[in-house]
Amino acid sequence: MQEKEFIQSFIKEFNLSGLDEDDTHEMINAISETIYKQFLNYLYDEIGEDSFAALQASLSMGVDFYMTSLKHLAPNHRELLEKAKDDVLASFKK
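Residues numbered from 1 in each chain as written. Predicted model: local features only at pLDDT ≥ 70, side-chain atom pairs only at ≥ 80, totals over all residues. Heavy atoms only, no water.

J.: Honestly, the nonpolar core in this entry has me stumped. Any pointers?
T.: Among soluble globular proteins, nonpolar side chains are generally buried collectively. Within the largest apolar cluster, 21 residues are counted, with the highest numbers of intra-cluster contacts made by F14, I31, I35, F39, L43 and L70. If you list the elements that add at least two residues to this core, you get helix 1 (3–13), helix 2 (21–58), helix 3 (63–73) and helix 4 (77–93). The element best represented in this core is helix 2, accounting for 10 residues. (Core = buried A, V, L, I, M, F, W, Y, C linked by side-chain atoms within 4.5 Å. Buried < 20%, exposed > 50% of the residue type's maximum accessible area, 1.4 Å probe, protein only. Helix = DSSP H or I, 4+ residues; strand = E, 2+ residues; numbered from the N terminus.)

J.: Hey, could you run me through a negative patch on the surface in this one?
T.: A contiguous patch of negative charge, built from D20, E21, D22, D23 and E26, is present on the exposed surface. Tracing the sequence through the fold places D23 in helix 2. Residue D23 is classed as partly exposed on the basis of its relative accessible area of 34%. (Patch = residues over 30% accessible without salt bridge, like charges linked within 9 Å, V, L, I, M, F, W, Y side chains within 5 Å. Areas by Shrake-Rupley, 256 points an atom, 1.4 Å probe, with all protein chains shown as cover. Salt bridge = Lys/Arg side-chain N within 4 Å of Asp/Glu carboxyl O. Lys, Arg positive; Asp, Glu negative; His and termini not counted. Charge placed at Lys NZ, Arg CZ, Asp CG, Glu CD.)

J.: Quick question: what am I supposed to make of the packing of helix 2 against helix 3 here?
T.: Two numbers describe a pair of packed helices, the interaxial angle and the distance between the axes. Viewed as axis vectors pointing N to C, helix 2 and helix 3 meet at an angle of 105 degrees, and their least axial separation amounts to 10 Å. Classed by the angle they form, the pair helix 2 and helix 3 counts as roughly perpendicular. Of helix 3, the residues touching helix 2 (which contributes Y36, F39, L43, I47, S51, L55, Q56 and S58) are F65, Y66, S69, L70 and L73. Of the residues assigned to the contact of helix 2 with helix 3, the class counts are nine nonpolar, four polar and no charged. (Axes fitted to C-alpha atoms, helices over the stretch in contact; angles between N-to-C directions. Parallel < 35°, antiparallel > 145°, perpendicular 65-115°, else oblique. Contact = heavy atoms within 4.5 Å. Nonpolar A, V, L, I, M, F, W, Y, C, P; charged D, E, K, R; others polar.)

Spelled out as structure tokens, the structure:
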């Protein structure tokens, strides 16, 4: 999915279409940050403290190395991210 399509999908899912552009951008950033934090919580629970620390340390070696480490340590990382998004979306709609 292209970035523009992803953003439009995000706006639709989180019902942000009624906001002006600046507010939409601010909400997307805030929601994305919340999803990322929830993803990290799920990831920590999935791989444990030592592997999580190693993964975080791998980021200093570059994004490509980090992604390779993430795929190795948590082959289900996409599912964890989707779960985090679904949880945030459910909370957002309450």
